[in-house]
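Coordinates in review
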4 protein chains.
Amino acid sequence: MQFASDNAGPAHPSVLEALIDANAGYAPAYGVDPVTEGARAALRETLEAPSASVQFVTTGTAANSIALAALCPPWGTVFCTPVAHIHQDECNAPEFFSGGAKLTLVGQSDKLTPETLDEAIRAEESRGVHGPQRGPVSITQATERGRIYTPDEVAALAQVAHDHGLALHMDGARFANAVVALGCTPADLSWKAGVDALSFGGTKNGLLGVEAVVFFEQGRDWEVQLRRKRGAHLMSKHRYLGAQMAAYLDGGLWLELARAANAGATRLAEGLAPAGAGMDHPPQANIVFARLPRAVHARLKDAGAVYYLWDADDGGPEDEMLLARFVCDWSLGADQIDAFLALL
Amino acid sequence: MQFASDNAGPAHPSVLEALIDANAGYAPAYGVDPVTEGARAALRETLEAPSASVQFVTTGTAANSIALAALCPPWGTVFCTPVAHIHQDECNAPEFFSGGAKLTLVGQSDKLTPETLDEAIRAEESRGVHGPQRGPVSITQATERGRIYTPDEVAALAQVAHDHGLALHMDGARFANAVVALGCTPADLSWKAGVDALSFGGTKNGLLGVEAVVFFEQGRDWEVQLRRKRGAHLMSKHRYLGAQMAAYLDGGLWLELARAANAGATRLAEGLAPAGAGMDHPPQANIVFARLPRAVHARLKDAGAVYYLWDADDGGPEDEMLLARFVCDWSLGADQIDAFLALL
Amino acid sequence: MQFASDNAGPAHPSVLEALIDANAGYAPAYGVDPVTEGARAALRETLEAPSASVQFVTTGTAANSIALAALCPPWGTVFCTPVAHIHQDECNAPEFFSGGAKLTLVGQSDKLTPETLDEAIRAEESRGVHGPQRGPVSITQATERGRIYTPDEVAALAQVAHDHGLALHMDGARFANAVVALGCTPADLSWKAGVDALSFGGTKNGLLGVEAVVFFEQGRDWEVQLRRKRGAHLMSKHRYLGAQMAAYLDGGLWLELARAANAGATRLAEGLAPAGAGMDHPPQANIVFARLPRAVHARLKDAGAVYYLWDADDGGPEDEMLLARFVCDWSLGADQIDAFLALL
Amino acid sequence: MQFASDNAGPAHPSVLEALIDANAGYAPAYGVDPVTEGARAALRETLEAPSASVQFVTTGTAANSIALAALCPPWGTVFCTPVAHIHQDECNAPEFFSGGAKLTLVGQSDKLTPETLDEAIRAEESRGVHGPQRGPVSITQATERGRIYTPDEVAALAQVAHDHGLALHMDGARFANAVVALGCTPADLSWKAGVDALSFGGTKNGLLGVEAVVFFEQGRDWEVQLRRKRGAHLMSKHRYLGAQMAAYLDGGLWLELARAANAGATRLAEGLAPAGAGMDHPPQANIVFARLPRAVHARLKDAGAVYYLWDADDGGPEDEMLLARFVCDWSLGADQIDAFLALL
């Protein structure tokens, strides 16, 4: 009954086997080993982007920060939502890597709309040398609230960004969950929809810790490598990153794991509804937000369920509805979900 | 016949087994899982430093940069040798993490002496607000040239630093090799000798990629955690770092692996000497520097030996002696060394 | 009919005379000359703060950025309003000087209230190492919209900040205008109300270009000097800064100039009201915001009036009311105001 | 008898008169006023560089830091001498503005030679992503030791830099003294000799505090303006910078002042020689280095002479020769020099 985070789940056994396989004998350090080269090629193939720059790091914050720093000068600003991971959960890493760029918070929710984005960009238009200069747009897919941008929605945002001469970055920590939910191709959801740079996640979806910085735009690879090294993110025994990513992409494992995670969320939501839980929206990926009475939360926690209580619980009426976030990872068994639902 | 780098070697099987063990089920993310907590405790015990701050990162550059940034203000300068890894091989990461501090290069070799250090520190004394302000001293143990500071030598440098009110940082990427070479305790070679902060290496000595930032000084832990997170170095599935480090320390595996690596270097050096190779100094850790004729290098490389030619090889007389660096990792078998020597 | 900005006005003749006086012969460079020392002492006396740190720079952005960087770690966030000069008009200088801190925008207006401030601070409380850490509060006095915080209002905000262990910074680019409007002492409006650091403005109020970074808290002076030098803001021929500031404070010239500027705004507002101009609020300092029909703006501009049209003028009905900002500087004559009003 | 620094001397009366003239009435802020535009045009004309980017700041450190940051990425290194002002006397400002670039110290003296420069650049060639990347070359004209690069010497260094694809920056804090000493044109000594960016000094040579950042390369102007604003160096009442620079260039005043300063140094050196003072080299600009017995120094200081004792004076034999630096500014009268010499 573990719904705290997909970061709390294990790596997939195939990934560990790949580590063991990659461990035999010597391999060149710093990313020029065959395993890593293979994994980079595999991701380019997966994305149908044969000339993309693909480089690996160990955290999503690193992927985001390196990508954004390459797109945003120190005197610029990144357009994102107020709940963006890059704003709320990265301890100023994007500001650090960019040399002091700002983040301009757009709208009130977890998703940008073309209208709010356009308005926000225009609002930064008029201050000349005094204001921050307009930098890239960054969206999260799936969002921090478990919602998804369709390819058309991404394309509409890309259009707005590009019309202003700005790039579009996608924080794809849960990109896999979005791809399987939409039933589209990775290319449909990235460069074909106008995404210029993608943080391609793996950690939350069955790896020990690998993310890729992907630039579809040509000519960025060396800069990404320099920013990675200077950020102390160039792993010396790089084959272990390559091995994880290769196993992840091999045979579509990454999609299979995301499907399992999303299915968990669907099962959970279907079970919660008859139990009277109010849901903000039907789960689109692997995250469920639901409201339950305070007394029910107490009972669930006592029974060992682990999840994140979104509303502050500072005591109050037993029947007050409190919002909770449930994240389903790939390894979450149907039995655990059912056991949880049985407690309701 | 692989002597390129200890970064090219594999991880020890016990470490991979520990990963598999740690992979079972759920674990809290971001470093508060029991495996990580255990590994932190084990390192504190290994160092006989029960109140030390111990935090894990995935690269030595990260460990060094975070430690130095905590010790050096942006307007300061770090005293180190001209061949220090932090100067030559980290692509300005220490400058990045510190916000623009300098590195003052002291002496001409891989080891600081109390005299050269004291002179260099005094030379930065007199410029008031105009010059960089004096920051920490950083030494590498074992050095980039494979030499070792004895505890007395470390203590003498610490004395100089402390007399000027400055801290002593040790880049211990090969700390294990130094400890076993000296036959002292880890405490003897660190805090008992006056070391204030230690980058405790694991990656070069049998891990996939884990280093520890250790502060013996109280009150640094939270700052280290903030600097790590802001540097995008807080691994979410932290148990995999903890598991590696726990296996590394368990039963003295780390010392056993370092002994094997050092023994390889000794075996190699003993074989090279009768073959007429000129050595700069007898190997003290796991690195051998030796001069061989150009023609011999050509023969060795043709036979598949891999090592780093230190002198540029831009063509020249066959009998010209060229300096080469041979690094022995823990996994290098005596048979490989002997096969290599047989080629001479 | 110049209402564009108090930056467009001249320096007071006494200030130029002081420059000429200070120009005789030699003087030690870098701020240790007697003229500068005298000016620093005079400002401490003016503020009734004999142990305050007082250092001079040439721009308000420098004063703000140095002060905030001293108060906010790179992983922190500064609480300010969405229209704060430090946010909108300093091209990321506070982010630059702080090494990448954030600015958290509080409320919707130009003034913080204790309630909105407290709520914003609390909202940043719970993310541990993941979110930005809470840093100083910064308010502008008089605000960017020409309003004023009373000593009681400042004290209430200081109380909130201090209750959370945070410092209060005041951007006092128009501090003089606030002091004379309130009829209080400079001390009442700064340290006695809980202000920890003050950017004490001079440029907008009759100097060529001098602002002071003031820390009431002990022990900050050397850090301010280092940050100033590292920011390339330590003027070598410092006597010319000292001379300006000394003349500014001498005999209360600074208050006299601010009174003149404020009186201009009052005269302007009184003239606008009968002309049917809608005012957001009566002017409290030297800035007037007023709404006039588009057609009137066109007429005024044609007649040579210079001021800032706040609402975008992208064409529209002649009778549409457009918001304009009028800033009165110390040198603005009553005749110019009357000539302007006569145009209405 | 003031030889401490040309920063200790006054501004020329014409410059103050120009301030007074510029003070009349209103002028647009932030550098778009006619006085500033005129001064920018005048400097472009002086340099015979009609399309150069010219922007003003108030300190030489700002000019250097902005120019170097525009030329050097954060992962790069600047090649300069070990006594360069940017290294020794700017408290890490170039590192700050560049976001953490290094300075690589070349040679042992105050002047680069093509050979030492080429060797140093080549030495940074081979480390791939690990080492700092090679950035611009920076030379000081006249040097910190009062020596001068001829146009041919500059051209030879530019050739080396350009052959490696690197830019050449000139710290021209005493550019005027070099131009008049050489009898060449400003163009001969800058862009015609291959200089890409010039910090054009004024403060040491009769201004209150103005330096220009000059880029001969097209397309740099907007970046310079952004870096200046973000560094808090965009003076609002910019006319006072423009007025100083205009007066400085008008009628060749800047060259006249430099001639006076250089003549002072020549007169001083000619007087010192018969008095037995050992000189490192004949003065080439406005700085004299000379060795005098300790007892003589004591006598001179007692008599009120002010200059910088280069060797540490920690007590010793009366006849020990101690090196001293004498800087002559434009205002130093022959009578003061003669009075000083009479003391010998």
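All values derive from a computational prediction rather than experimental measurement.

Counting its secondary structure elements, chain A contains 13 helices and eleven strands. Its C-alpha atoms give chain A a radius of gyration of 20 Å, within 12% of the compact-globule value 20 Å for 344 residues. Every one of the 344 residues in chain A was classed for burial, and the buried ones make up 65%. Taking as baseline every contact in chain A between residues at least 6 positions apart, the subset at least 24 positions apart corresponds to 75%. Of the roughly 11,000 Å² of accessible surface on chain A, a fraction of 51% belongs to carbon and sulfur atoms. Here chain A holds 26 positive side-chain charges and 41 negative ones, and the gap between their average locations is 5 Å.

Take the interface of chain D and chain C next. Each side of the interface is counted separately: chain D has 48 residues, and chain C has 48 residues. Of the roughly 4,000 Å² buried between chain D and chain C, counting both surfaces, carbon and sulfur atoms make up 61%. Ranking the residues of chain D by area buried against chain C places Tyr26(D), Phe96(D) and Lys237(D) at the top, with a combined share of 21%. Put simply, chain D and chain C have zero salt bridges between them. In this assembly, chain D and chain C are joined by 31 residue pairs in polar contact (both at pLDDT 80 or more). A class-by-class count of the residues in the side of chain D that touches chain C yields 23 nonpolar, 17 polar and eight charged.

Once that is clear, we can look at the relation of the copies chain D and chain C. When chain D is fitted to chain C, the best match, at an RMSD of 0.1 Å, comes from turning it 180° and sliding it 0.0 Å along the axis. The operation mapping one copy onto its partner corresponds to a two-fold rotation axis. Closest approach to the rotation axis among the C-alpha atoms of chain D is made by Gly231(D), whose C-alpha sits 3.5 Å away. A shared interface surface links the copies, since 100% of the contact residues of chain D are contact residues in chain C too.

What follows covers the domain arrangement of chain A. Residues and elements named next belong to chain A. As assigned here, chain A comprises domain 1 (13-253) and domain 2 (254-342). Taken together, the contact pairs 24 residues of domain 1 with 17 residues of domain 2. When the buried area of domain 1 at its contact with domain 2 is split by residue, Arg145, Val180 and Leu253 rank highest and sum to 30% of it. If you look at where domain 1 meets domain 2, you find zero salt bridges. For the side of domain 1 that touches domain 2, the class distribution of residues is 13 nonpolar, seven polar and four charged.

Residues and elements named next belong to chain D. Given a rise of 1.5 Å per residue, 13 residues ought to cover 18 Å, and the 18 Å separating the end C-alpha atoms of helix H2 (residues 34-46) matches this to within 8%. The complete set of buried residues in H2 reads Thr36, Ala39, Arg40, Leu43, Arg44 and Thr46. Seen along its axis, H2 keeps its buried residues to an arc of 165°; they face one direction. In H2, the exposed positions that point more than 90 degrees away from the buried face belong to Pro34 and Glu45. Contacts made by the buried residues of H2 are with strand S1 (53-57), strand S6 (197-201), strand S7 (211-215), helix H9 (221-230), helix H10 (239-249) and helix H11 (253-272). N-capping of H2 is provided by Asp33, with a side-chain oxygen placed 3.1 Å from the backbone N of Val35.

Okay, the sheet that holds strand S3 (residues 102-105) of chain A next. Residue and element names in this part refer to chain A. Here seven strands make up an open sheet; going across it, the order is S1-S7-S6-S5-S4-S2-S3 and the pairing mixed. With partners counted over all chains shown, the strands left at the sheet margins are strand S1 (53-57) and S3, one partner each. With direction set aside, neighbouring strand axes in the sheet form an average angle of 25°. As defined by bridge partners, strand S4 (residues 133-140) adjoins strand S5 (residues 168-172) across four bridges and the pair is classed as parallel.

The figure often quoted for interface size is the accessible area lost as the parts come together. Across the contact, 48 residues belong to chain A and 48 residues belong to chain B. Summed over both partners, the interface of chain A with chain B buries about 4,000 Å², with 61% contributed by carbon and sulfur atoms. It is Tyr26(A), Phe96(A) and Lys237(A) that lose the most area in chain A upon contact with chain B, and together they represent 22% of the buried surface on that side. For the interface between chain A and chain B, the tally reads zero salt bridges. Remark: the boundary between chain A and chain B carries 34 residue pairs in polar contact (both at pLDDT 80 or more). Listed by contribution, the elements that provide at least two residues to the side of chain A that touches chain B are helix H1 (13-22), helix H3 (60-71), helix H5 (93-98), helix H9 (221-230) and helix H10 (239-249) of chain A.

Residues and elements named next belong to chain C. By the element assignment, Thr36 lies in helix H2 (residues 34-46). Of the polar contacts made by the side chain of Thr36, one reaches the backbone oxygen of His238; its length is 3.2 Å. Leaving out residues up to four positions away in the same chain, Thr36 has contacts with Gly31, Phe56, His238, Arg239 and Gly242.

When the UniProt feature table is mapped onto this chain, "domain: Aromatic amino acid beta-eliminating lyase/threonine aldolase" (unreviewed entry) is found at residues 2-290 of chain A. When the span residues 2-290 of chain A is considered, its composition is 40% helix and 15% strand, and the gap between its end C-alpha atoms is 16 Å.

Another aspect to go through is the packing of aromatic side chains. For the coordinates displayed, the defined rule picks out 58 aromatic pairs over all chains. Note on Phe326(C) and Phe340(C): the rings are 5.5 Å apart at their centroids and 65° apart in plane angle, and the pair reads as edge-to-face. On the criterion of sequence distance, the pair formed by Phe326(C) in strand S11 (residues 321-327) and Phe340(C) in helix H13 (residues 334-343) is long-range, its members being 14 residues apart. Across this residue pair, the class does not change: Phe326(C) and Phe340(C) are buried. Pairing Phe289(D) with Trp310(D) gives two aromatic rings, centres 5.1 Å apart and planes at 85°, and the pair type is edge-to-face. Of the two residues, Phe289(D) sits in strand S9 (residues 287-293) while Trp310(D) sits in the loop between strand S10 (308-309) and strand S11 (321-327), which places them 21 residues apart along the sequence. Ring pairing ties together the aromatic residues Phe3(A), Tyr307(A), Phe326(A) and Phe340(A), which thus form one cluster. Against the face of Tyr307(D) rests Lys301(D), its NZ or CZ located 4.4 Å from the ring centre.

As a further point, take the packing of H3(A) against H9(A). All names here are of chain A. Their axes nearest at 10 Å, the elements H3 and H9 cross at an angle of 125°. In terms of their interaxial angle, H3 and H9 are classed as oblique. Between H3 and H9 lies a crossing of right-handed hand. Of the residues in H9, those in contact with Ile66, Ala69 and Ala70 of H3 are Glu223, Val224, Arg227 and Arg228. For the contact of H3 with H9, the per-class residue count stands at four nonpolar, no polar and three charged.

Now for the sheet that holds strand S7 (residues 211-215) of chain C. Residue and element names in this part refer to chain C. Spatially, seven strands are ordered S1-S7-S6-S5-S4-S2-S3 in an open sheet, and the strand pairing comes out mixed. Looking at the sheet topology across the chains shown, the edges are occupied by strand S1 (53-57) and strand S3 (102-105). Taken pair by pair, the neighbouring strands of this sheet meet at an average axis angle of 25°, ignoring direction. As defined by bridge partners, strand S5 (residues 168-172) adjoins strand S6 (residues 197-200) across four bridges and the pair is classed as parallel. Across the sheet, residue Asp171 finds its bridge partner in S6, namely Ser199. Sheet strands touched by helix H7 (residues 151-163): strand S4 (133-140) and S5. Its angle to S5, the strand with the most contacts, is close to 140°.

Residues and elements named next belong to chain A. Scanning the model with the defined rule gives 56 salt bridges over all chains in all. The partner of Arg227 in a salt bridge is Glu223, with the nearest N and O atoms 2.9 Å apart. Within this pair, Arg227 and its partner Glu223 are both found in helix H9, separated by four residues, close to a single helical turn. You can call Arg227 buried: its relative accessible area is 12%. Overlapping salt bridges, with partners in common, bring together Glu217, Arg220, Glu223 and Arg227 in one network.

Further remarks concern unusual backbone geometry. Cis rather than trans, the peptide bond between Gln141(C) and Ala142(C) has omega equal to -15°. As for its placement among the helices and strands, Ala142(C) is situated in the loop between S4 and H7. Of note, the phi angle at Tyr30(D) is positive, near 70°, even though the residue is not glycine. Within the element layout of this structure, Tyr30(D) appears in the loop between helix H1 (13-22) and H2.

Conventions used here
- Residues numbered from 1 in each chain as written.
- Chains lettered and ligands numbered in written order.
- Predicted model: local features only at pLDDT ≥ 70, side-chain atom pairs only at ≥ 80, totals over all residues.
- Heavy atoms only, no water.
- Helix = DSSP H or I, 4+ residues; strand = E, 2+ residues; numbered from the N terminus.
- Rg over C-alpha atoms; globule rule 2.2 N^0.38 Å.
- Buried < 20%, exposed > 50% of the residue type's maximum accessible area, 1.4 Å probe, protein only.
- Contact = heavy atoms within 4.5 Å.
- Areas by Shrake-Rupley, 256 points an atom, 1.4 Å probe, with all protein chains shown as cover.
- Lys, Arg positive; Asp, Glu negative; His and termini not counted.
- Charge placed at Lys NZ, Arg CZ, Asp CG, Glu CD.
- Buried area = accessible area lost by both parts, 1.4 Å probe.
- Salt bridge = Lys/Arg side-chain N within 4 Å of Asp/Glu carboxyl O.
- Polar contact = N/O pair within 3.5 Å; in protein donor to acceptor, adjacent residues only side chain to side chain.
- Nonpolar A, V, L, I, M, F, W, Y, C, P; charged D, E, K, R; others polar.
- Least-squares fit on C-alpha atoms with pLDDT ≥ 70 in both.
- Domains from an automatic or database assignment.
- Expected span 1.5 Å × (residues − 1).
- Arc of directions from axis to C-beta.
- Pairing = 2+ DSSP bridges.
- Axes fitted to C-alpha atoms, helices over the stretch in contact; angles between N-to-C directions.
- UniProt positions renumbered as here; feature names shortened; annotations may be inferred.
- Phe/Tyr/Trp six-rings, centres within 6.5 Å; stacked < 30°, edge-to-face > 60°.
- Lys NZ or Arg CZ within 6 Å of the ring centre and 35° of its normal.
- Parallel < 35°, antiparallel > 145°, perpendicular 65-115°, else oblique.
- Left-handed = near helix turned anticlockwise from the far one by under 90°.

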